Every structure is written in structure tokens, then in C-alpha cells.
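# Per-entry structural report
What follows is each chain in one-letter form.
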Amino acid sequence: MTLNIVILHGSNDLYGASRVLISEADVLQDLGHAVTVVTPVDGPLSEVLRRRNVRVVVDPTLAVLRASRLRDVLRMPRLPAAAATADVVVLWTLALAAYMPLLRLKRKRHWISVHELRPNRLAGLIIRMLVQPGRSPVEAVSQAVRDWLEANGVPRHRIVVAFPVAPKAEPQERKSDGAFVVAVAGRLNGRKGHLEVLRAFQRASQGAENWQLILAGSPFGGDRSAELAVEREAAGDARVHIVGEVAGAAAIRPVPSVYACFGDREESFGLVPLEAWSVGARSAAFAEGGAAEVVPVVNGVLVPRTADTVQAIAASLKEVEAGRLNWTWPEASEVNRVFGSEARRASVARLLAIVVDDHYGKRA
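Residues numbered from 1 in each chain as written. Predicted model: local features only at pLDDT ≥ 70, side-chain atom pairs only at ≥ 80, totals over all residues. Heavy atoms only, no water.

### Section: the overall build of the protein
- When helices and strands are counted, the protein shows 13 helices and 13 strands.
- At 21 Å, the protein has a C-alpha radius of gyration in line with the 21 Å of a compact globule built from 364 residues.
- Seen through its C-alpha atoms, the protein measures out along the principal axes to roughly 65 × 45 × 35 Å.
- The buried share of the protein, reckoned over its 364 residues, is 55%.
- Considering only contacts in the protein between residues 6 or more positions apart, those separated by 24 or more positions represent 70%.
- Within the structure as shown, the protein displays about 15800 Å² of accessible surface, and the carbon and sulfur contribution to it stands at 49%.
- Charged side chains in the protein number 45 positive and 38 negative. The centres of these two groups are separated by 8 Å. (Helix = DSSP H or I, 4+ residues; strand = E, 2+ residues; numbered from the N terminus. Rg over C-alpha atoms; globule rule 2.2 N^0.38 Å. Buried < 20%, exposed > 50% of the residue type's maximum accessible area, 1.4 Å probe, protein only. Contact = heavy atoms within 4.5 Å. Areas by Shrake-Rupley, 256 points an atom, 1.4 Å probe, with all protein chains shown as cover. Lys, Arg positive; Asp, Glu negative; His and termini not counted. Charge placed at Lys NZ, Arg CZ, Asp CG, Glu CD.)

### What about the packing of helix H7 (residues 194-205) against helix H11 (residues 309-323)?
- Packing of H7 against H11 leaves a shortest axis separation of 8 Å and a crossing angle of 55°. The angle between H7 and H11 places the two elements in the oblique class. As H7 runs across H11, the sense of the crossing is right-handed. For the pair H7 and H11, contact is made by Glu 196, Val 197, Arg 199, Ala 200, Phe 201, Arg 203 and Ala 204 and by Thr 309, Val 310, Gln 311, Ile 313, Ala 314, Leu 317 and Lys 318, respectively.
- A class-by-class count of the residues in the contact of H7 with H11 yields eight nonpolar, two polar and four charged. (Axes fitted to C-alpha atoms, helices over the stretch in contact; angles between N-to-C directions. Parallel < 35°, antiparallel > 145°, perpendicular 65-115°, else oblique. Left-handed = near helix turned anticlockwise from the far one by under 90°. Nonpolar A, V, L, I, M, F, W, Y, C, P; charged D, E, K, R; others polar.)

### Side note on the side chain of Ser 268
- Among the structural elements, Ser 268 can be located in the loop between strand E11 (258-261) and helix H9 (271-278).
- A residue is classified by how much of its surface remains accessible, and Ser 268, at 13% relative accessible area, is buried.
- Side-chain polar atoms of Ser 268 contact the backbone oxygen of His 115, separated by 2.6 Å.
- Sequence-distant contacts of Ser 268, defined by excluding residues within four places in its chain, comprise His 115, Glu 116, Leu 117, Val 141, Ser 142, Val 145 and Gly 290. (Polar contact = N/O pair within 3.5 Å; in protein donor to acceptor, adjacent residues only side chain to side chain.)

### A few points about the packing of H7 against helix H8 (residues 225-234)
- At a minimum axis separation of 9 Å, H7 and H8 run at an interaxial angle of 10°. As summarised for this structure, H7 and H8 are arranged roughly parallel, according to the angle between their axes. Every residue of H8 that contacts H7 at His 194, Leu 195, Leu 198, Arg 199 and Gln 202 is listed here: Ala 229, Val 230, Glu 233 and Ala 234.

### Some remarks on the sheet that holds strand E3 (residues 55-58)
- Strand order in the open sheet made by the seven strands is E3-E2-E1-E4-E5-E6-E7, with parallel pairing throughout. Looking along the sheet, the strands with just one partner apiece sit at the ends: E3 and strand E7 (159-161). Averaged over all pairs of adjacent strands, the angle between strand axes in this sheet comes to 25°, irrespective of strand direction.
- Pairing geometry for strand E5 (residues 110-114) and strand E6 (residues 138-140), over three bridges, is parallel. Bridge pairing links Ser 113 to Glu 139 in E6.
- Contacting strand E1 (4-9), strand E2 (34-39), strand E4 (88-92), E5 and E6, helix H1 (residues 16-30) runs over the sheet at an angle of about 180° to E1. (Pairing = 2+ DSSP bridges.)

### Regarding the sheet that holds strand E10 (residues 240-244)
- Sheet architecture is open: six strands sit in the order E10-E9-E8-E11-E12-E13, paired in parallel fashion. Here the strands that pair on one side only, and so sit at the sheet edges, are E10 and strand E13 (301-303). On average, adjacent strands in this sheet sit at an angle of 20° to one another, irrespective of strand direction.
- Against the sheet, H9 contacts strand E8 (180-185), E11 and strand E12 (282-286), and its axis sits at roughly 180° relative to E11.

### Some points on unusual backbone geometry
- Geometrically, the link from Arg 253 to Pro 254 is a cis peptide bond, its omega value of 0° lying close to zero.
- As for its placement among the helices and strands, Pro 254 is situated in the loop between E10 and E11.
- A positive phi is found at Asn 53, a non-glycine position, where the angle reads about 65°.

### Concerning the pattern of salt bridges
- Under the definition given, this model contains 20 salt bridges.
- Among the ionic pairs, Asp 26 bridges to Arg 52, the shortest N-O distance being 2.9 Å. With Asp 26 in helix H1 and Arg 52 in the loop between helix H2 (44-51) and E3, the pair connects residues that are 26 residues apart, well separated along the chain.
- One salt bridge connects Arg 239 with Asp 237, and the closest N-O pair in it is separated by 3.0 Å.
- Through salt bridges with shared partners, a single network forms among Arg 146, Asp 147, Glu 150 and Arg 156. (Salt bridge = Lys/Arg side-chain N within 4 Å of Asp/Glu carboxyl O.)

Below, the structure is given as C-alpha cells:
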């Protein structure tokens, strides 16, 4: 049976949750269903989805929860026209959770896909007020997210973990010039570790000419404060390259020796370490959250978070640099066993079986 599945998503970029949404759409279409994605604005995600024959609808009235608008949690929004006729509605991230009471009221089959992990107090409130009630399944992007949801009252039997899919393995050859290239990829918003890694790079390298740093990513909206702080810190250091937006971490060239994944809070999932692995690069991250589930599989380096984060990062960079000639790249079969398309397909098929066969919405 072909289902009309509509995904509501509050962004239109090519960062974490949006990149995972592309995999979700691929799996749903592979399972034989029609997929529509509704976003409040047009953008680069739309282009990627349309190339995959996914219908994209831009609806500026989409109700997206923001930390600055707590009152929106208490409002019941209107269901977008595209979702009103859907067989199944998927809410992409907690930012769309305001639709859950309405979907239960309308007995509409649905699930929510959670990509957040303890971002703020509002997120916990959203889970307890909007997600925990009812019986619909909840998709979690990692075991760490599953545990957080459970701690906020969502029964474990409702939660299905669906790991993101590792990109196709295409390890790239590096120049044999002795360069040690460190990269950071993510929103340049002050939370993804660009500034901290820059300081750690300068401390660990001690001016060594063969060390290079690539800082990739763009600011969120019109706020350039984090970008300007990085530019000021990097001024005069020709080894540091601020390259702006890239088409995913795997697109960075030259291929880095290590991707440094050191945000200021736990990551819900380690998507960048998977992208690093796909091009034959190593990764290093704090030993917490979803990253702790991914980094060991791709033979990366886990670093305990300490009070002096810059020193912890600097020590990890020196460790990777010292051992880079002895590093073994994990084979695709090892990584895909956990983070392959078949594993995600099985998780999504389970979600569909719950909402279609059991139809939780009728008993919400």
C-alpha cells in the first residue's frame, strides 16, 4: 500500500537534522511511499529533495517552536493543507511538537523524530507537555536521545532509535607533504567549537608550519558575532582558513587529517564523524551524547570534557598528529552494520508498522 507521507520541518538548510531528513525521505520512497516535505522557507534542502523526486511545499505559516517564544507551546496551530490530506505526518524535531495535540485530536497517524539532546529547559517542557501524552511512536536519532526522552516520561516501548546513514565510503588520497590538517564543520554560531578548536590548534601546534586549520560553516540568520570572534582570533595566522558554507563536512578540501567535533554541549548524534570516515579521515569528539556511540565505530578519539576544554582539545590534536601514520581506517562493512541504510530502513519500517497497523492515533 502506497502511503502519502508528509514531513513537517522547521528549517531549510543542509545541517544535521536536515541531512538526516534526506535519508529518511530516501528510505520512505524506497519502501514505496510518496513523500512531501513542508518547510516555512525555501532553501538548499529543497533543491536536494526535488532532485530526489520529493515534493516540497513552502508554507510560511508553519508553527515552529523557538526558545524565545515559550507561549507558543500553549497554542494549537492549524494543520498545513498538505498535511491535512496525508496518511501519515512526521514532525521533524521538537520544534514541530506543537502539532502533536492537534494530530491526536484529529486521530491522524503520526510520529515525531527527535534530534535534540538536552538543549535547554524548554525542550524538557515540550517533551513532558506535548510528546509524553498519547501513544504515538517517537523516533530518536541516537540511544542518548532515547535515554533523555525516557527520563522525561516517554515510555521506552514508544521509542524507536533510527541512526543516521553513513555516507558512501569514498576514502580520498592525501598529499604526501607532511601537512596535518584540522577541520571544524558546523553552524558558525558559537556552539560548535570553532573558537575553542582555533585556540587549541594554536596551543598544540606551537606555530608549526605543517599544521593547518579549516573552519567551515556559516552564521545562523544575520548574527555574525561568533564569526567575527573567530576572525579576530585568527587574524595574522596564515595557517587558518575560514571557508564559509560547504556542501557537507565531507566536501572539505584538502581532506583533513582530523575533524574536530567539540561543541559546547552534548551532540545528539555524531554525523560529522561519519562524514569524516567516508572520506578516509579521523575524528575527535567529547566522550558524551550521541558522539560517544559513533566515534568508537569509526576508530576516532573520544576526549573527556574538562574544565579547561581548550587544553583537552589541544591534547587530543597532538595525540592524533602523533599517531596518524598508525591509524587504521574501519572497513565499510563494519560501519554500515550499525549506520547503514538497511539498519535505518528497518527502524523506519518499524515506525510505519506501528502507526499503520496499530494506528496509535485512534487510541491517543
